[in-house]
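# Reading the structure
The primary structure of each chain is shown beneath.
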Amino acid sequence: MVELDGRTVVITGAGRGLGAALATSLAETGCKIILCGRSLVALEKVADGIAEATGRRPVCIAVDLAESASVRGAVEAIVDAHEHIDLLINNGAMWLEARDEPYPAEEVLGVINSAVTGTFLFSQGLLPLLRRSANPDIVTIGSVSGLPNGLLDGVSVPFYAAKRGQAAIAEGLRQMLAGTPVRSIILHPPDLDDIQPGELAWGEAPGRAKSARATNRDVVEAVLFAVTRPRNISLSIVLDADDGGVFPAQVS
Ligand SMILES: NC(=O)c1ccc[n+]([C@@H]2O[C@H](COP(=O)([O-])OP(=O)(O)OC[C@H]3O[C@@H](n4cnc5c(N)ncnc54)[C@H](OP(=O)(O)O)[C@@H]3O)[C@@H](O)[C@H]2O)c1
């Protein structure tokens, strides 16, 4: 496993799924973790597991990325308690599946505001702390749905647009931060199987057949690869898979 030498890492959407897998994996590499998410109960459960595995308990901070007041409060709580942060992982974003019935405005606002407004405001708010790090990185978890000319394939149009917007934030930040030490990295995962470190499926994931879906572990490993590149390199990574990836699988 890569050693990240006590880096301080903020992860949104860390109460479950990919965010929890990232938090547990990065804690195991020696990072100090700040877990952010909507449910403090879920965050505390992830923190319990990390404390048990590493002896270091992450800080838990409630944030609803779709609510600007909540984002402001979370940024203030992190800024008040930390000198610097080294890595921000913008993982939280509301999922919305395609369906025939109309989407209520609240759902559309939730999807767009969590992925776009929230990702931008949270990143902007934490930039001063990132600028105090020797190795500052922002990693945004996009989606193959957010790629130009990506397939809709079961994804709602609001989610499709939100992920494209989130990708634009990562790319815009990269341009805005050119000439500064802060990197903006983006990963575009395909459909993922939600597996967690310690589970049997996590250990077996590297041996999956080519036809199998990608997993949280593939994204964790891509994040670790991206943040450990020489500092003059900022990666945009598309993780593709035959099942749930960029192109529909050929049916023979
Ligand atoms: N799962 C996949 O197949 C897949 C594929 C490509 C990309 N991704 C991306 O990977 C990231 C993690 O998703 P996932 O795989 O864990 O599955 P997910 O079901 O899409 O989970 C979304 C995550 O974002 C959080 N979230 C949703 N709305 C939020 C809000 N308003 N404020 C703060 N957090 C919010 C959720 O937390 P709550 O527990 O509070 O709901 C959850 O942790 C997302 O950005 C997702 O778009 C996932």
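Residues numbered from 1 in each chain as written. Predicted model: local features only at pLDDT ≥ 70, side-chain atom pairs only at ≥ 80, totals over all residues. Heavy atoms only, no water.

Within an unreviewed UniProt entry, the label attached to the protein reads SDR family oxidoreductase, and the organism entered is Shinella curvata. Under the UniProt heading Sequence similarities (unreviewed entry), the note attached to the protein is "Belongs to the short-chain dehydrogenases/reductases (SDR) family." (UniProt positions renumbered as here; feature names shortened; annotations may be inferred.)

With respect to spatial proximity, 24 residues lie near the ligand, and among them Arg-16, Arg-38, Asp-64, Leu-65 and Asn-91 are the closest. Between the ligand and Leu-18 there is a distance of 3.0 Å, counted from an oxygen atom to a backbone nitrogen or oxygen. Across the complex, the protein chains shield 86% of the 850 Å² of accessible surface that the ligand would expose by itself. Counting residues per element, the ones that place at least two in the shell around the ligand are helix H1 (17-28) and helix H5 (157-176). (Near = heavy atom within 4 Å. Polar contact = N/O pair within 3.5 Å; in protein donor to acceptor, adjacent residues only side chain to side chain. Areas by Shrake-Rupley, 256 points an atom, 1.4 Å probe, with all protein chains shown as cover. Helix = DSSP H or I, 4+ residues; strand = E, 2+ residues; numbered from the N terminus.)

This brings us to the environment of Gly-146. Here Gly-146 is to be found in the loop between strand S5 (137-141) and H5. The class for Gly-146 is buried, based on a relative accessible area of 2%. Apart from residues lying up to four places away in sequence, Gly-146 is in contact with Lys-163, Arg-164 and Ala-167. (Buried < 20%, exposed > 50% of the residue type's maximum accessible area, 1.4 Å probe, protein only. Contact = heavy atoms within 4.5 Å.)

What is expected of a backbone is that most residues other than glycine have negative phi and most peptide bonds are trans. The backbone phi angle of Asn-149 is positive, close to 65°, even though this residue is not glycine. Relative to the helices and strands, Asn-149 is located in the loop between S5 and H5. One non-glycine residue with positive phi stands out, namely Asp-153, at about 40°. Mapped onto the elements of the fold, Asp-153 is located in the loop between S5 and H5. For Asp-153, a relative accessible area of 62% corresponds to the exposed category.

This next bit is on the nonpolar core. Grouped together as the largest cluster of nonpolar side chains are 37 residues, with contacts concentrated most on Leu-26 and Ile-89. Every element with two or more residues in this core is listed here: strand S1 (8-11), H1, strand S2 (32-37), helix H2 (40-54), strand S4 (87-90), S5, strand S6 (183-188) and helix H7 (216-227). In this view, Leu-26 contacts Leu-4, Val-9, Ile-11, Cys-31, Ile-33, Leu-87, Ile-89 and Leu-224; residues no more than four positions away in its chain are not counted. Of all hydrophobic cores here, the second largest spans 22 residues; its members include Val-75, Ile-85, Leu-127 and Leu-130. (Core = buried A, V, L, I, M, F, W, Y, C linked by side-chain atoms within 4.5 Å.)

A separate point is the state of the cysteines. Across all of its chains, the model carries zero disulfides by this definition. Note on Cys-31: no disulfide assigned, nearest cysteine sulfur contributed by Cys-36 at a separation of 15 Å. Here Cys-36 is not cross-linked by a disulfide; its sulfur's nearest cysteine counterpart is in Cys-60, at 8.8 Å. (Disulfide = S-S within 2.5 Å.)

Attention shifts here to the pairing of S6. Burial analysis of S6 places six of its six residues in the buried class, the great majority of the element. Where burial is concerned, the two faces of S6 agree: the one with Arg-183, Ile-185 and Leu-187 and the one with Ser-184, Ile-186 and His-188 are both buried. Relative to S6, S5 is paired through five bridges, and the arrangement is parallel. When the bridges of S6 are listed, Ile-138 appears paired with Ser-184. Once you follow S5 into H5 and on to S6, the crossover reads as right-handed. Direction of pairing for S6 relative to strand S9 (residues 236-238): parallel, over a ladder of three bridges. Residue pairing across strands places Ile-186 opposite Ser-236, the latter belonging to S9. (Pairing = 2+ DSSP bridges. Right-handed = clockwise from strand over helix to strand, strands pointing away.)

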